[in-house]
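Overview (structure and organization)
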Amino acid sequence: MSKHDGKRIGVLVMSYGTPESMDDVEAYYTHIRRGNAPTPELLAELKGRYEAIVGGVFPLRENTNGQVAGLQDKLEQLAPGQFSCYQGLKHAKPYIEDGVQQMANDGITEAVGIVLAPHFSTMSVGSYIKRAEEKANELGITMTFVKQYHMHPKLLLALTERVADGVARLAPAAGGADKVKVLFSAHSLPVKIRELGDPYEQQLLETSAAVAKAANVSDWQFTWQSAGRTREPWLGPDILETLPVLAEEGVKAVLVAPVGFVSDHLEVLYDLDIEAQAAAKKLDVALDRIAMLNRDPLYMETLAESVIEALASLGKE
Ligand SMILES: CC1=C(CCC(=O)O)c2cc3nc(cc4[nH]c(cc5[nH]c(cc1n2)c(C)c5CCC(=O)O)c(CCC(=O)O)c4C)C(CCC(=O)O)=C3C
Ligand SMILES: [Fe+2]
């Protein structure tokens, strides 16, 4: 194995990617749409959402950079001199293929890939892995992948702390901690994933149930968010549909726990903090959300330990 010959193992850290600037939004959106430019209406709508959150900075870029650096530090602590992290983004530069190419340029022949999203779907993590694998095969790099880490004890602990804090914050508005409704959420996907026997929904429910249990939350449910702007049906109910139902049921305070995401970005800062927040205000429901993981040390340990485990399960030391 590599560590015996002094060569480092590459770690390809993959994430969604975000535009570099407002002028770059169109190219980014076109890439997401597999080369089809968005209509002017769709483009204006997306630019409007970014303008509402960014003020000139796209937070996902900083956060992904920070997570890659944080993982490198953690791996250095756990296994000094053994790993080198590279970034590979799905829809922005450096693309996944660029990250693999960089590893090859640096003489890496063995690598582990991990995505900054805890739950596996063929349409999300699966497609990151496919792209990395194709490029790695082309360049003669042997790669193994972390497919999911949605039940890693340290990830669950970090989320549990946040949910417990959030429930305590909202307890006065709800009339008691036991009256706070916890809404776990994740990015919706097209309904067709169900026909593929996709584990995504099941894994999200597993994470939610485990965190609810550990945080002593009795009243929780799962809802979707951020469905794409396409004509096919997406998984629901969406949080914007769920909130009125909860208000109708007499719920006074909702804590949103977007466990499908690990960073502050558009789907959190706009879809939840602006859009869902406005909907809740209209319904006279107090809404708060848990802080995102970003560079949380427990999340960095989750990633580092998952990388090391993936390597060990290959039968290597
Ligand atoms: C499963 C999943 C995750 C979570 C797992 C993961 O992280 O991978 C995720 C994360 C994210 N999605 C993001 C942004 C967008 N996603 C879009 C569109 C789509 N997302 C999809 C899926 C997912 N997306 C899908 C199936 C589409 C339809 C087009 C297609 O079939 O591919 C669109 C187009 C417009 C719209 O439809 O809203 C945008 C702008 C950002 C970056 C935000 C920022 O820049 O701060 C992040 C982290
Ligand atoms: Fe997305």
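Note that the structure is predicted; figures quoted are calculated from it, not measured. (Residues numbered from 1 in each chain as written. Chains lettered and ligands numbered in written order. Predicted model: local features only at pLDDT ≥ 70, side-chain atom pairs only at ≥ 80, totals over all residues. Heavy atoms only, no water.)

Re the sheet that holds strand β4 (residues 142–145)
In spatial order, the strands read β2-β1-β3-β4; together these four strands make up an open sheet with parallel pairing. The two strands at the open ends of the sheet, each matched to only one other strand, are β2 (83–89) and β4. Each strand axis lies, on average, 25 degrees off the axis of its neighbour in the sheet, ignoring direction. Inspection of the sheet shows strand β1 (residues 9–15) paired to β2 by seven bridges, in the parallel sense. Bridge pairing links Ile9 to Phe83 in β2. (Pairing = 2+ DSSP bridges. Helix = DSSP H or I, 4+ residues; strand = E, 2+ residues; numbered from the N terminus. Axes fitted to C-alpha atoms, helices over the stretch in contact; angles between N-to-C directions.)

Some details on the UniProt feature "binding site: Fe(2+)" (unreviewed entry) in the protein
Sites flagged by UniProt as "binding site: Fe(2+)" (unreviewed entry) map to His187 and Glu267. Spanning 81 residues, the named residues nonetheless gather at one spot, since no C-alpha pair among them exceeds 8.0 Å. Among the secondary structure elements, His187 is positioned in strand β5 (residues 181–187). Judged by relative accessible area, which is 22%, His187 ranks as partly exposed. Other than its neighbours up to four places away in sequence, His187 contacts Tyr200, Trp224, Gln225, Ser226, Trp234, Phe261 and Glu267. Topologically, Glu267 is positioned in helix α9 (residues 266–269). Classification of Glu267 as buried rests on a relative accessible area of 16%. Excluding its chain neighbours within four sequence positions, the residues that come into contact with Glu267 are His187, Gln225, Ser226, Phe261 and Leu272. A distance of 3.2 Å separates a polar atom in the side chain of Glu267 from a polar atom in the side chain of His187. (UniProt positions renumbered as here; feature names shortened; annotations may be inferred. Buried < 20%, exposed > 50% of the residue type's maximum accessible area, 1.4 Å probe, protein only. Contact = heavy atoms within 4.5 Å. Polar contact = N/O pair within 3.5 Å; in protein donor to acceptor, adjacent residues only side chain to side chain.)

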